[in-house]
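Tertiary structure, described
Here's the letter readout for the chains.
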Amino acid sequence: MARKEMITKQDIINAAFAILQEEGIEQVTARKLAAKANCSTQPIFRIYKNMEELTEELFTRACEFFQDYYSGFPRQTVTPFVNLGYAYIKFAGEHKKMFEFVFLSSQRFGRSMYDLVNGSGGNVSREIQAAAGQGCENASELFMKMWIFIHGAACMALTGDYDLSESETIQILKDSYKAFK
């Protein structure tokens, strides 16, 4: 008798991640996931007690995806918050479904927006320290002002309403930093 092929946890999360990237979190259903993973729904619920548990693991993977994206993003300037801001804006435009899931979802599994952007690498913390090192008296407050601007620009990129070039984006981020400082 031929042995049945075993569907692994990694197979399921990879299939869920592919659906998320292509269609969004709303489309990560047990039926659609089973079809993508080429299995029945039984292995999904053997591995995960429910779809919420799978969604939380998928959220962690999506956060890691953003962190990897940012880590590999070319540094453009030494002006604090500009590289992080530009990467965030580009991520929103290039990975729309992922951006919506991670940064626009009301379900963040106990993580704040700061936690999501800061990541395990301390992205925001480093930028705040850099601003303080450049003489900014209240670098945390400056970050909040910059972040409101950056997040707004990213939302415009998500909807297709953002049409500034790379150089224009970097310049406007630098100008905002100087104005808020």
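Above this text is the structure in question.
We now turn to the structure provided with this report.

Reading guide: rules and limits
- Residues numbered from 1 in each chain as written.
- Predicted model: local features only at pLDDT ≥ 70, side-chain atom pairs only at ≥ 80, totals over all residues.
- Heavy atoms only, no water.
- Axes fitted to C-alpha atoms, helices over the stretch in contact; angles between N-to-C directions.
- Helix = DSSP H or I, 4+ residues; strand = E, 2+ residues; numbered from the N terminus.
- Left-handed = near helix turned anticlockwise from the far one by under 90°.
- Contact = heavy atoms within 4.5 Å.
- Nonpolar A, V, L, I, M, F, W, Y, C, P; charged D, E, K, R; others polar.
- Phe/Tyr/Trp six-rings, centres within 6.5 Å; stacked < 30°, edge-to-face > 60°.
- Buried < 20%, exposed > 50% of the residue type's maximum accessible area, 1.4 Å probe, protein only.
- Expected span 1.5 Å × (residues − 1).
- Salt bridge = Lys/Arg side-chain N within 4 Å of Asp/Glu carboxyl O.
- Parallel < 35°, antiparallel > 145°, perpendicular 65-115°, else oblique.
- Core = buried A, V, L, I, M, F, W, Y, C linked by side-chain atoms within 4.5 Å.

1. A word on the packing of helix α9 (residues 139-159) against helix α10 (residues 166-180)
Running from N to C, α9 and α10 cross one another at 145°; their axes reach a closest spacing of 10 Å. For the crossing formed where α9 meets α10, the hand is right-handed. Each of Leu142, Lys145, Met146, Phe149 and Ile150 in α9 lies in contact with α10, whose residues at this interface are Ile172, Leu173, Ser176, Tyr177 and Phe180. Split by residue class, the contact of α9 with α10 holds eight nonpolar, one polar and one charged.

2. Quick word on the packing of aromatic side chains
Enumeration over the complete set of coordinates arrives at 19 aromatic pairs. For the pair Phe59 and Phe109, a centre-to-centre distance of 5.3 Å together with 55° between the ring planes defines the contact as tilted. In this pair, Phe59 sits in helix α4 (residues 51-71) while Phe109 sits in the loop between α6 (96-103) and α7 (113-118), placing the two residues 50 residues apart along the sequence. Neither residue differs from the other here; Phe59 and Phe109 are each classed as buried. Relative to Phe91, the ring of Tyr69 lies with its centre 5.1 Å away and its plane at 65°, an arrangement referred to as edge-to-face. Here Tyr69, found in helix α4, pairs with Phe91, found in helix α5 (residues 82-94); they are 22 residues apart in sequence, far enough to count as distant.

3. Observations regarding the environment of Met98
Among the structural elements, Met98 can be located in helix α6. Overall, Met98 belongs to the buried group, its relative accessible area being 1%. With 76 residues separating them along the chain, Met98 and Glu22 place their C-alpha atoms 9.0 Å apart. Once you skip the residues sitting within four places of it in the chain, Met98 turns out to touch Phe17, Leu20, Gln21, Ala62, Phe65 and Phe91.

4. Brief notes about α4
Since there are 3.6 residues in each turn of an α-helix, residues three or four apart along the chain are aligned in direction. Here α4 spans 30 Å end to end across 21 residues, near enough to the 30 Å set by a 1.5 Å rise per residue. For α4, the set of buried residues is Met51, Leu54, Thr55, Leu58, Phe59, Ala62, Cys63, Phe66, Gln67, Tyr69 and Tyr70.

5. Considering the pattern of salt bridges
What the rule picks out here adds up to six salt bridges. Between Lys9 and Glu57 there is a salt bridge, with the nearest N and O atoms lying 3.4 Å from each other. Here Lys9, found in helix α1 (residues 9-23), pairs with Glu57, found in helix α4; they are 48 residues apart in sequence, far enough to count as distant. Put simply, Lys145 and Glu141 hold a salt bridge, and the shortest N to O gap is 3.3 Å. Taken as a pair, Lys145 and Glu141 lie in helix α9 at a separation of four residues, close to a single helical turn.

6. Side note on the packing of α1 against α6
With their axes 6 Å apart at the nearest point, α1 and α6 run at an angle of 105° to one another. Between α1 and α6, the angle falls in the class roughly perpendicular. Residues Phe17, Leu20, Gln21, Glu22 and Glu23 of α1 touch α6, and the partners they reach there are Lys97, Met98 and Phe101. When the residues that make up the contact of α1 with α6 are grouped by side-chain class, the tally is four nonpolar, one polar and three charged.

7. Things to note about the nonpolar core
Counting 62 residues, the largest nonpolar core has Leu54, Tyr88 and Phe103 as its most contacted members. A total of ten residues in this core trace back to one element, the largest contributor, which is α9. The contacts of Tyr88, once residues within four sequence positions are left out, are Phe66, Phe99, Phe103, Met113, Val117, Trp147, Ile150, His151 and Ala154.

8. Some details on unusual backbone geometry
Notably, Asn38 is not glycine yet its phi reads approximately 60°, a positive angle. With respect to the helices and strands, Asn38 occurs in the loop between α2 (30-37) and α3 (42-47). With phi around 75°, Phe81 is a residue other than glycine that occupies positive phi space. Looking at the element boundaries, Phe81 is found in the loop between α4 and α5. Overall, Phe81 belongs to the buried group, its relative accessible area being 1%.

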